[in-house]
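Topology and contacts: notes
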Amino acid sequence: MMPPPGIGLDGKVLCLLKSLYGLKQAPLAWFERLSSALAELGFLSCSFDPCDFISLDYNIIIVVYVDDITTVRRKSDIRKVYQHLTKHFTVTIKEGLSYLLGIEILHTVTGLELRRTQYITNILTCFGMENSRPVSTPIAPKAPLVKADESEPAYEKQLYQQMIGSLMYLVTCTRLDLGFVVSFLSRFSSYPLLCHHTAVKRVFRYLAGTRSTSLVYTHRSSMDIPLLITGYSDADYASCRHTRRSVSGYVFLLNGCAISWLSKKQNSVSTSTTESEYMALATTARQALWYINGLSQLSFTIPVELKADNTSSINIAENPINNPKTKHIDVSYHFTREHLIRKSFTLSYVPTGENLADIMTKGLPSVLRNRHRKGLGLTE
């Protein structure tokens, strides 16, 4: 680092003995320091997520987000771990999890509810939308929005990017019902027009009427009920009007409770609905394998079932015979077929109206949207 002026070291630099907050080396230095402290107690960093640490001796899982640490444990006594951490760091211990990274956690008789009521109120106030009139859907079905040709000046670009950024954090944590619309509107962040601002303000108007929506995780009514991870896969063929690429979407549920979701434009153009669905299925299968590998490291064995609403893509995955209609599909997308042969997971058909991943690929009418919201465990 450059030395402060006036100390007689002109033309020289100083070597840091400790990493300073804000430098790009700091996150790695902090992670290595924390990892070494936890390793002294026998905690190992998980291969599926380096920020998760497990100790089979203590039956404890430690989840780290920068300097916020959450412990998941089967035994009530975790004092030894706390005492060890206080020897190395200044630690504030809070018993009972009620608030984490802006997520409000409500413990109920039936389970847990995750909500972002205060965060939604804050961003509505920040952008002057706190008194806006609510709407029933965040985006109109088949909204006619396209990229600008730059013949007219961009409209409040920085404000648009700030609004999209605040919504992205909301989607990541709890509001999967906004997964598609936020992904869709973020495509216009580099050059937004007035029509794009109108569309993103509609999302905030939707939030004004659904700010108390919670993501619900219910207890199992009986320990005899086996755990099951169900993944729903879907694609919207050639929906991008600018590139004609399709949109992939998936939702994973653990015994009916949503645990992960994705809405993303595909990397290449598909030549048919079947191909776009098959590509989406490959993305879903990769996430399924991530769960399987992670759970095995945590000493859990939970079956995974994938569901798709396109019979042709299911047939391609189950049938190893190539034909002229499928031989051009990239080898990487046959990932699903390979793991079906290995029986890593199962694959079955689900009717389009019951495919919960549909909410991640397109704007839906209010009736269908509300049905899928209920199926995903989102309640008012």
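As a starting point, this report considers the structure included with it. From a predicted model like this one, the values you see are computed outputs, not experimental measurements.

On to a nonpolar patch on the surface, then. On the surface, M1, L14, L16, L20 and L23 cluster together into a nonpolar patch covering about 400 Å² of accessible area. Take L14: it is sitting in the segment before α1 (26-39). Residue L14 is classed as partly exposed on the basis of its relative accessible area of 35%.

Here we take up the packing of aromatic side chains. Across all of its chains, the model carries 10 aromatic pairs by this definition. Ring centres 5.7 Å apart and planes at 10° place the aromatic pair F180 and F184 in the stacked group. Taken together, the positions of F180 and F184, both in helix α5 (residues 179-185) and four residues apart, correspond to about one turn of that helix. Between W290 and Y291 the ring centres are 5.3 Å apart and the planes differ by 70°, which places this aromatic pair in the edge-to-face class. Taken together through their ring pairs, the aromatic side chains of F48, Y250, F252, W290 and Y291 make up a single cluster. Taking NZ or CZ as reference, R116 lies 4.4 Å from the ring centre of Y119, over its face. When the ring centre of F335 is taken as origin, the NZ or CZ atom of R286, which lies over that ring, is 5.3 Å away.

With that settled, consider the pattern of salt bridges. For the structure shown, the criterion picks out seven salt bridges. A salt bridge links D177 to R175, with the nearest nitrogen and oxygen atoms 3.1 Å apart. The residue D177 makes a salt bridge to R373 at a minimum N-O spacing of 2.7 Å. Here D177 is found in the loop between α4 (157-173) and α5, whereas its partner R373 is found in helix α10 (residues 366-375), with 196 residues between them in sequence.

This part takes up unusual backbone geometry. Its identity as a non-glycine residue notwithstanding, S299 has a phi of 65°, on the positive side. Along the chain, S299 turns up in the loop between α7 (273-297) and β12 (304-308).

Looking now at the environment of I314. Positionally, I314 belongs in helix α8 (residues 311-318). Judged by its relative accessible area of 6%, I314 falls in the buried class. I314 sits 49 residues away from G363 along the chain, and the two C-alpha atoms are 25 Å apart. Those residues in contact with I314, other than ones at most four positions away along the chain, are A308, L347, S348 and Y349.

In total, this model carries one cavity of 30 Å³ or more according to the counting rule given. Of the pockets and cavities examined, the largest cavity occupies roughly 70 Å³. Lining the largest cavity are L145, V146, K147, F184, R187, F188, C240, R241, H242 and K265. Per-class residue counts for the lining of the largest cavity are five nonpolar, one polar and four charged.

Bridging between strand β10 (residues 247-254) and strand β11 (residues 257-265) involves eight bridges; their strand directions are antiparallel. Residue pairing for β11: S248 is matched across the bridge by K264. Count of turn residues in the β10/β11 antiparallel hairpin: two residues, of which N255 carries a positive phi of about 50°.

Rules of the game
Residues numbered from 1 in each chain as written. Predicted model: local features only at pLDDT ≥ 70, side-chain atom pairs only at ≥ 80, totals over all residues. Heavy atoms only, no water. Patch = residues over 30% accessible without salt bridge, like charges linked within 9 Å, V, L, I, M, F, W, Y side chains within 5 Å. Areas by Shrake-Rupley, 256 points an atom, 1.4 Å probe, with all protein chains shown as cover. Salt bridge = Lys/Arg side-chain N within 4 Å of Asp/Glu carboxyl O. Helix = DSSP H or I, 4+ residues; strand = E, 2+ residues; numbered from the N terminus. Buried < 20%, exposed > 50% of the residue type's maximum accessible area, 1.4 Å probe, protein only. Phe/Tyr/Trp six-rings, centres within 6.5 Å; stacked < 30°, edge-to-face > 60°. Lys NZ or Arg CZ within 6 Å of the ring centre and 35° of its normal. Contact = heavy atoms within 4.5 Å. 1 Å grid on protein atoms, 1.4 Å probe; cavity = no way out; pocket = protein on both sides within 12 Å on 5 of 7 lines; lining within 4 Å. Points joined across faces, edges and corners; volume = space filled by probe spheres on them. Nonpolar A, V, L, I, M, F, W, Y, C, P; charged D, E, K, R; others polar. Pairing = 2+ DSSP bridges.

That's the geometry; what it means functionally is another story.
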